[in-house]
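Now for the letters of each chain:
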Amino acid sequence: MSVLADRDIRAALEAGRVRIEPYDPVDLQPSSVDLHLDRSFRVFRNNRYAYIDVRQSQPDLTELLSITDDEPFILHPGEFVLGQTLEWVELPDDLVARLEGKSSLGRLGLLIHSTAGYVDPGWKGNLTLELSNVASLPIALYHGMRIGQISFFQMSSPVERPYGSAGLGSKYQGQSEPTASAFHRDFTTGRRRGPDSSG
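Residues numbered from 1 in each chain as written. Predicted model: local features only at pLDDT ≥ 70, side-chain atom pairs only at ≥ 80, totals over all residues. Heavy atoms only, no water.

Draft legend 1. Focus on the overall build of the protein chain. Looking only at helices and strands, the protein chain has 2 helices and 13 strands in total. Since a compact globule built from 199 residues should have a radius of gyration of about 16 Å, the 18 Å found for the protein chain is in line with a globular shape. For the protein chain, the spread of C-alpha atoms along the principal axes amounts to about 50 × 50 × 25 Å. In the protein chain, buried positions account for 38% of the 199 residues. Here the protein chain displays about 11200 Å² of accessible surface, and carbon together with sulfur accounts for 50% of that area. (Helix = DSSP H or I, 4+ residues; strand = E, 2+ residues; numbered from the N terminus. Rg over C-alpha atoms; globule rule 2.2 N^0.38 Å. Buried < 20%, exposed > 50% of the residue type's maximum accessible area, 1.4 Å probe, protein only. Areas by Shrake-Rupley, 256 points an atom, 1.4 Å probe, with all protein chains shown as cover.)

Draft legend 2. The packing of aromatic side chains, seen in detail. Across all of its chains, the model carries 3 aromatic pairs by this definition. Seen from their ring centres, phenylalanine 41 and phenylalanine 73 are 4.0 Å apart, and the 10 degrees between their planes marks the pair as stacked. Of this pair, phenylalanine 41 sits in strand 4 (residues 40–44) while phenylalanine 73 is found in strand 6 (residues 73–75), placing the two residues 32 residues apart along the sequence. On the basis of relative accessible area, phenylalanine 73 is assigned to the buried category, the value being 8%. When the centroid spacing of 5.7 Å and the interplanar angle of 45 degrees are considered together, the rings of phenylalanine 44 and phenylalanine 80 count as tilted. Of this pair, phenylalanine 44 sits in strand 4 while phenylalanine 80 sits in strand 7 (residues 80–90); the two residues are 36 residues apart in sequence, bridging distant segments of the chain. For phenylalanine 44, a relative accessible area of 31% puts it in the partly exposed group. (Phe/Tyr/Trp six-rings, centres within 6.5 Å; stacked < 30°, edge-to-face > 60°.)

Draft legend 3. Geometry of the pairing of strand 3 (residues 33–36). Side chains Val33 and Leu35 project from strand 3 onto one buried face, and the interleaved Asp34 and His36 project onto a second face that is buried too. As judged from the 4 bridges shared by strand 3 and strand 13 (residues 146–154), these two strands associate in the antiparallel manner. From the neighbouring strand, leucine 35 faces strand 13, where its bridge partner is glycine 148. (Pairing = 2+ DSSP bridges.)

And the structure:
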């Protein structure tokens, strides 16, 4: 796989192979595109369950909140919330992408993903951010601020089944708000491997 340079990203956007909306050419970096923070956040309500059970749907484990244009969202030390990119992103069947945090924000103690930095070929939607504050002071986050960057990698060939294809169990295709975990579905769709699973 090779990383797309700025000229290749620009060509992919102009040809419609990659879609980022809204898109401003000023966000194009040498090998990535800057993405911005939307106004919606999904916060955890730890008073509703004794623990998180990955086998169960816990629909009121999180609550969706929104901020106004100039209102800060305060992320406290040790706190974990879900946010999302302002941009809607679509990938073709022969590119994968990586979402990474901005260095300047990392130096303040802000992490934008725990494990969800990989974006599959065929993806369509806003990208959910796993926001953590590992600093010792609260961090104020604002709607529209630069929050991360997405880079693109050319695959050896187009995939046979892009993300969202029937039978893949793609849980988040087309999401347009910070989306809570749907891991519990693995226990009802046969995607869980247990001691009696074959192959």
